[in-house]
Amino acid sequence: GDKVKQSPSALSLQEGTNSALRCNFSIAATTVQWFLQNPRGSLINLFYLVPGTKENGRLKSAFDSKESYSTLHIRDAQLEDSGTYFCAAEARSNYNVLYFGSGTKLTVEP
Amino acid sequence: NSKVIQTPRYLVKGQGQKAKMRCIPEKGHPVVFWYQQNKNNEFKFLINFQNQEVLQQIDMTEKRFSAECPSNSPCSLEIQSSEAGDSALYLCASSLVGNERLFFGHGTKLSVL
């Protein structure tokens, strides 16, 4: 089964609204990263998390290793936030590999 | 955000042909990863390096894929005999330490006809 389950798979937001993306882990995740893949294919690193929370502008992310999940909150969504968001976890079983979710395709509309 | 440079952006090959792609990691990053992203957004780890040494590679990589990260030269990933199933986006990433905050390049989109 999927080691990292990401939801929702797709999301449409109006500009200025808020939303949350989620990843659930069936592996013993030790760290989590969130990426945004833009239409050109580039994966932009948004957050690197050990258990806890981080905030960067309109984005806030949390990682709870005991409950095995991570969230990414987007506040006041802008058109440039559109793209596909991926979470990726490092697991205690293999520190060489990141296990990726299947992505959330976000479309922000005017 | 990222200064990882991958070339070429697009690569079109016939089945059985060699396909080679290159990656220049971010300056000062000793750890380099190659991932394959297919059209279903599934990421597959291929291989990673610490400086010039292979840390881990998957079985698929050991058979038709070869990769290296020579000192003072770009890293490279080569598929000896391309197959249709190899069509994907090949992503190179680098980091200062292990999996701690990976920075990805734009990727090389390989199409095997």
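For the structure itself, consult the block above.
Here goes a summary of the coordinates provided. (Residues numbered from 1 in each chain as written. Chains lettered and ligands numbered in written order. Predicted model: local features only at pLDDT ≥ 70, side-chain atom pairs only at ≥ 80, totals over all residues. Heavy atoms only, no water.)

### Let's talk about the packing of aromatic side chains
Inspection of the entire model under this criterion finds eleven aromatic pairs over all chains. Feature note: the residues A:F35, A:F86, A:F100, B:F33, B:Y35, B:F43, B:F45 and B:F104 constitute an aromatic cluster, connected by ring pairs. A cation sits over an aromatic face here: A:R22 above A:Y69, 4.1 Å from the ring centre. (Phe/Tyr/Trp six-rings, centres within 6.5 Å; stacked < 30°, edge-to-face > 60°. Lys NZ or Arg CZ within 6 Å of the ring centre and 35° of its normal.)

### As for the layout of surface pockets
If you add up the space inside the largest pocket, you get close to 570 Å³. Forming the boundary of the largest pocket are 25 residues, of which A:Q37, A:P39, A:G41, B:L89 and B:K109 lie nearest the centre. For the lining of the largest pocket, the elements supplying multiple residues, two or more each, are β9 (83-91) and β11 (104-109) of chain A together with β9 (88-95) and β11 (108-112) of chain B. Class assignment of the residues belonging to the lining of the largest pocket gives a composition of six nonpolar, 14 polar and five charged. When its volume is computed, the second largest pocket comes out at roughly 460 Å³. The leading source of residues in the lining of the second largest pocket is strand β10 (residues 94-100) of chain A, at five residues. Counted by class, the lining of the second largest pocket contains eight nonpolar, eight polar and five charged residues. (1 Å grid on protein atoms, 1.4 Å probe; cavity = no way out; pocket = protein on both sides within 12 Å on 5 of 7 lines; lining within 4 Å. Points joined across faces, edges and corners; volume = space filled by probe spheres on them. Helix = DSSP H or I, 4+ residues; strand = E, 2+ residues; numbered from the N terminus. Nonpolar A, V, L, I, M, F, W, Y, C, P; charged D, E, K, R; others polar.)

### Observations regarding the pairing of β11(A)
All names here are of chain A. Every second residue of β11 is oriented toward a common face, the buried set being T104, L106 and V108 and the non-buried set K105, T107 and E109. Here strand β2 (residues 10-14) pairs with β11 via five bridges, running parallel. Directly across from Q14, in β11, lies its bridge partner E109. (Buried < 20%, exposed > 50% of the residue type's maximum accessible area, 1.4 Å probe, protein only. Pairing = 2+ DSSP bridges.)

### Things to note about the sheet that holds strand β7 (residues 65-68) of chain B
Residues and elements named next belong to chain B. With antiparallel pairing, four strands are arranged side by side in an open sheet as β1-β3-β8-β7. At either end of the open sheet lies a strand with only one pairing partner, and these are β1 (5-7) and β7. In this sheet, neighbouring strand axes are inclined to one another by 15° on average, regardless of whether the strands run parallel or antiparallel. (Axes fitted to C-alpha atoms, helices over the stretch in contact; angles between N-to-C directions.)

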